[in-house]
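# Reading the structure
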Amino acid sequence: MTSVGKRKPGPKRRTVLEAGVGGAASLAVGLPLVAGGTAAAAGAAPEPGDSWHRYVQGPSHRTVRPVGIVRTAGDVSAPEALLAPGGGVTVLRRAQPAAAPRWPQGTTAEASSTHAGNNGSDGRPRTYAADNAIDGDPDTFWNDDTERAFPDTLTITLPGEQRLPGVTLVSNADGVPADFTVEVWADAAWRTVGTVTGNTDVQRAVRFDPPVATDRVRIAVTADQDAGQGVFTRVNEVWPDAVAPVTPPSVTIDFGKVVVGYPEVDFTRASGNSPGVRLAFSETLQYLTERSDFTRSDQAGGAGRGTDQYAVPAGGARWKDTKGFGSGGDKLYADGLHGFRYLKITLDALPSDAPAAQPWGEVAIDAVSLDFTAYLGTPDSYRGWFLCSDEELNRYWYGASYTNELVVDTFRRDDVDPRNAFSPSLDGKLVLHDGPKRDRDPYVGDVAVAGRTLYLTHDDAAEAARNVLADLADHQRDDGWIPPASINDYTLPLFDYPLWWVTCSWDYVLYTGDQDYAARYYPQLVKVLDTWYPSVTDGAGLLSKGLNGTSGYGDYAFLGRTGRVTYYNANYVQALRDAARIAGLLGHDADARRWSERADKVAGAINDHLWDPAAGAYLDSATGPVRHAQDGNAIAITAGVADAERAASALAHLDATTKLRYGNAFMDNDTLFGGASQRVYAFTSYPELVARFETGRPDSAIDQIRRTYGWMDTHDPGITQWEGIGPNGSLYEQGYTSMAHGWSTGVLPVLTHQLLGAKPTSPGYATWEVRPNPGEVRWAQGRLPTPHGPLGVEWNRDGAAFSLTVRVPRGTRGSVALPTDGRRVTVRSGRRTLWKDGRAQGPGVHGDPRRVTVTGLTHGTHHLTLAHER
């Protein structure tokens, strides 16, 4: 989830359940176990084995070391020694800097505007007056009060005329003046003596040529860098001279992919003046500066310093990044756990850390490592796997698994979102966070995708999903509303997430068979569907945001949608049908019938009131400008709201209006907000991928996968899957963007459930189905973990022939549906003919224009072959 508070909470990713999962399997008379069978075509799919191991991305053990040196700056010797512990040391050296020049006593400053004082990010009162820019204290600063409005001016008046060779601006990393002019008062007029454009330097010298005699200097800022902390001009100091910055020595280390845990640095020695080091972390090089791309201390309630600091003792030390101050209760702050790929270590110190740390001296480092805290996904830990003939799809599947491993972690007070997300009821439990870097809070929308990914890879950690779902249910509000996460003490108002709680609860029961959970939280299920959602339902039976005081409620992306919204209502249909399945499982048949009837009524109302015949797609909202969203249209298909004709039309509209080189946009125009038609969420792309596969469009689904996941796989940081993609493939919220987000891992379940075609159809895989959707893929194989043992599937397409093998665990029963491509086919099991001349040749077999389905498969290995008839 993105932010809450000063920043507007960004998208919380909700998942999408495909239609059909959880439906009753069609089981006819049991088909006898086939003992022999036809071998796969020679040279096609490899025999099942460990060839998938090479795609696994997780570290082999919890001590993770960097793989490369990206760059160095300043006086650094032997940086490569950091990659080989015990093989030498890396030394950073920096001479003691000269004191900064000062303005003469009596100098004053005034500004075009000044931000009101507040308690700052550390809770301490502070002001942002113009005089802060000339007080000699670089820890205070002037902050203008006109966000994104320019020019911002700062005027410095001396007590008398002085000859100035230039000035130097020292600014905050989150308010660097990018474009500005420097003027001096001379001959009764302002004269421009310096112009700067495109500045990115925190310390920027402007030399006057020649020097100027003046008693007034004016700096006019016309553009600031946008670092995601509000576009204001922030100037810490202006010095009365042109002081060229001295590059502090630094080394930037690459861990090869996003990792998460507690960084450790082995310092072998240091000079005796307590030299400081600053550590900045980032998931991408683009947003690695002197500050980390994100720190919890910047977000709320901490020091707000942007880096982690340490003063190295002369005898050296092994330093582990632990949250808190390292000296005197207010100096040398560290954030503790980090999610990052790149680490920049700089010999430097914040002025506010003096005298505990000095920004000069010498520091020797032997090694850098990370104590990896998340789920350790090694080949031995995988309970399910996937492999196919397409190298790229294999990478995306295992990239999704690794992304998800990074978010499976223990809920700890010091690591979670600082905005009142800590909860004693979750403390010490394994959970599914939304991201390793941020927000590090278990949101139910993320679980909707991340849970499925977890169940298909490491189902031994399914408790991580259960812990989240149970905790949110335990915090249900009296009116039936279920919170989306623990953030804001379980009060963040989201309109759609209680629906995702229902769907995630069915998912959990479906994959694990845990009926005790279903029974324990059935009362909460009844209350949210029969009390809260009816309170926001209009006369047509549709959910309408704004009723019952919900105008200010958000959703997964905190979108300003109101009234009847297709996404909310399609989600409602999905949740009602999932709830009916839980009710049926527990014997509450009246509830099951009632919810099923309500789902049908809502689906009919969606088609009556929210279908746009002019566009051939569902409206995003019946209120406001006409637009059509990916989320509503895709889930209308996967939840069974759209018939075949509407599904085809809606997908064609998305093809025509949302297709980008980095995926499909989540909105077809910009009427909701600027750039909406250029934003891609893998979270809402997941149901569209499901819809394309399930409606017989596998090649278009694979094309969308290649564009979406291929973009993320081939752009920094690589491997892991992003929270969102912005215009031109950018990070949609700059450095704040989470580059490893569990809600973006839908490529994994879609490749297993839709391409390979295997999925459960009743709780705990008591029944299952295999319905391959090969598209352009030649062969695929995989294993799905079930409570009864692994379900193994392999298929191969060779010209006009298709072969499929299913290895069925004891105590389960299922069906397979072989694709016919609309042709007349013959289907055999070993020497037995099951389908020929357009007719079944025995019990438990039936066909339609697209498939031949064989039902009643039980424990054992079944080999089936299909051949086109001449």
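Before going into details, it helps to say that this report is about the structure given with it. In this text, all values refer to a predicted model and were calculated from it rather than measured experimentally.

## Here's the deal with the overall build of the chain
Secondary structure summary: the chain contains 15 helices and 41 strands in total. A compact globule built from 870 residues should have a C-alpha radius of gyration of about 29 Å, and the chain, at 30 Å, falls within 12% of that. Dimensions of the chain, computed from C-alpha atoms along their principal axes, come out at roughly 105 × 65 × 50 Å. By the burial criterion, 60% of the 870 residues in the chain qualify as buried.

## Side note on the packing of helix 8 (residues 522-532) against helix 10 (residues 589-609)
To describe two helices that pack against each other, one gives the angle between their axes and the distance between the axes. In contact at an axis separation of 13 Å, helix 8 and helix 10 are set at 35 degrees when each is read in the N-to-C sense. The two elements helix 8 and helix 10 meet at a crossing, and its hand is left-handed. Residues Y522, L525, V526, L529 and D530 of helix 8 touch helix 10, and the partners they reach there are D591, R594, W595 and R598.

## Some details on unusual backbone geometry
In this structure, P151 follows F150 across a cis peptide bond, with omega equal to 5 degrees. Relative to the helices and strands, P151 resides in the loop between strand 6 (142-143) and strand 7 (152-171). Cis geometry marks the peptide bond from A354 to P355; its omega dihedral reads 0 degrees. Assignment of secondary structure puts P355 in the loop between strand 18 (338-347) and strand 19 (361-372). Of note in the backbone geometry, N548 takes a positive phi value of approximately 55 degrees without being a glycine.

## Considerations on the sheet that holds strand 39 (residues 845-847)
Read across the sheet, five strands follow the order 30-31-35-40-39 without closing on themselves; strand pairing throughout is mixed. Two strands close off the open sheet at either side, each with one partner strand: strand 30 (758-760) and strand 39. Across this sheet, the average inter-strand angle for adjacent strands is 15 degrees, counted without regard to direction. Pairing of strand 35 (residues 813-819) with strand 40 (residues 851-857) involves five bridges; the strand directions are antiparallel. Looking across to strand 40, one finds that V816 is bridged to V854.

## Remarks on helix 11 (residues 630-638)
Here helix 11 lies mainly inside the structure; nine of its nine residues are buried. Of the residues trailing helix 11, G640 is marked for its positive phi of about 85 degrees.

## Notes on the pairing of strand 34 (residues 801-808)
Of all eight residues in strand 34, six are buried; the element is thus mostly enclosed. Across seven bridges, strand 33 (residues 791-798) lies against strand 34 in antiparallel orientation. Of the residues in strand 34, the one forming a bridge with V793 is V806. In textbook terms, the turn of a hairpin is the stretch between consecutive antiparallel strands, and for strand 33 and strand 34 this stretch comprises two residues, one of which, G799, has a positive phi near 65 degrees. Looking at chain direction, strand 34 and strand 41 (residues 860-868) are connected through eight bridges and run antiparallel. Its bridge partner being in strand 41, A801 is matched across the sheet by A867.

## Description of the side chain of E869
Secondary-structure assignment places E869 in the segment after strand 41. A polar contact of 3.0 Å, which involves the side chain of E869, links it to the side chain of T826. Once residues within four sequence positions are removed from consideration, E869 is found in contact with R824, V825, T826, K836 and D837.

## A look at the environment of W103
Mapped onto the elements of the fold, W103 is located in the loop between strand 4 (90-94) and strand 5 (108-111). On a C-alpha basis, the gap between W103 and V825 in space is 90 Å, while along the polypeptide they are 722 residues apart. Setting aside its immediate chain neighbours within four residues, W103 contacts I134, I156, L158, L164, V167, V238, W239 and P240. Within the local environment of W103, its side chain forms a polar contact with the backbone oxygen of V238, the two atoms lying 2.6 Å apart.

## Quick word on the pattern of salt bridges
Applying the stated criterion to the full structure yields 53 salt bridges. We note a salt bridge from D439 to R438, for which the minimum N-O separation is 2.6 Å. Exposure remark for D439: the relative accessible area of 3% places this residue in the buried category. A relative accessible area of 0% places R438 in the buried class. Its salt-bridge partner being R477, residue D479 comes within 3.0 Å of it at the nearest N-O pair. Look at D479 and you get partly exposed, because its relative accessible area is 29%. Connected via shared salt-bridge partners are D417, R419, R438, D439 and E723.

## Regarding the layout of surface pockets
Taken as a whole, the second largest pocket holds about 300 Å³ of empty space. Residue lining of the second largest pocket: 18 residues in total, with P774, G775, P819, T820 and D821 positioned closest to the centre. Only strand 34 and strand 41 provide two or more residues apiece to the lining of the second largest pocket.

## What to know about the sheet that holds strand 37 (residues 832-836)
Taken in spatial order, the eight strands make up an open sheet running 20-32-33-34-41-36-37-38, and their pairing is antiparallel. Here the strands that pair on one side only, and so sit at the sheet edges, are strand 20 (385-388) and strand 38 (839-840). Of the pairings in the sheet, the one linking strand 36 (residues 825-829) to strand 37 comprises three bridges and is antiparallel in character. Counted as the bridge partner of S829 is R832 from strand 37.

## Some points on the packing of aromatic side chains
Summed over the entire model, instances satisfying the criterion amount to 44 aromatic pairs. Summarising the aromatic geometry, the rings of F255 and F340 are spaced 5.3 Å apart at their centres and angled 80 degrees between planes, so their arrangement reads as edge-to-face. Pair noted here: F255 is in strand 12 (residues 250-270) and F340 is in strand 18, with a separation of 85 residues, a long-range link. Exposure remark for F255: the relative accessible area of 3% places this residue in the buried category. A relative accessible area of 0% means that F340 is categorised as buried. With a centroid separation of 4.8 Å and an interplanar angle of 80 degrees, the aromatic rings of W532 and Y533 are classed as edge-to-face. The burial state of W532 is the same as that of Y533; both residues are buried. In this structure, R561 is placed above the aromatic ring of Y568, and the distance from its NZ or CZ to the ring centre is 5.7 Å.

Conventions and cut-offs
- Residues numbered from 1 in each chain as written.
- Predicted model: local features only at pLDDT ≥ 70, side-chain atom pairs only at ≥ 80, totals over all residues.
- Heavy atoms only, no water.
- Helix = DSSP H or I, 4+ residues; strand = E, 2+ residues; numbered from the N terminus.
- Rg over C-alpha atoms; globule rule 2.2 N^0.38 Å.
- Buried < 20%, exposed > 50% of the residue type's maximum accessible area, 1.4 Å probe, protein only.
- Axes fitted to C-alpha atoms, helices over the stretch in contact; angles between N-to-C directions.
- Left-handed = near helix turned anticlockwise from the far one by under 90°.
- Contact = heavy atoms within 4.5 Å.
- Pairing = 2+ DSSP bridges.
- Polar contact = N/O pair within 3.5 Å; in protein donor to acceptor, adjacent residues only side chain to side chain.
- Salt bridge = Lys/Arg side-chain N within 4 Å of Asp/Glu carboxyl O.
- 1 Å grid on protein atoms, 1.4 Å probe; cavity = no way out; pocket = protein on both sides within 12 Å on 5 of 7 lines; lining within 4 Å.
- Points joined across faces, edges and corners; volume = space filled by probe spheres on them.
- Phe/Tyr/Trp six-rings, centres within 6.5 Å; stacked < 30°, edge-to-face > 60°.
- Lys NZ or Arg CZ within 6 Å of the ring centre and 35° of its normal.

Honestly, it's all geometry; don't read function into it.
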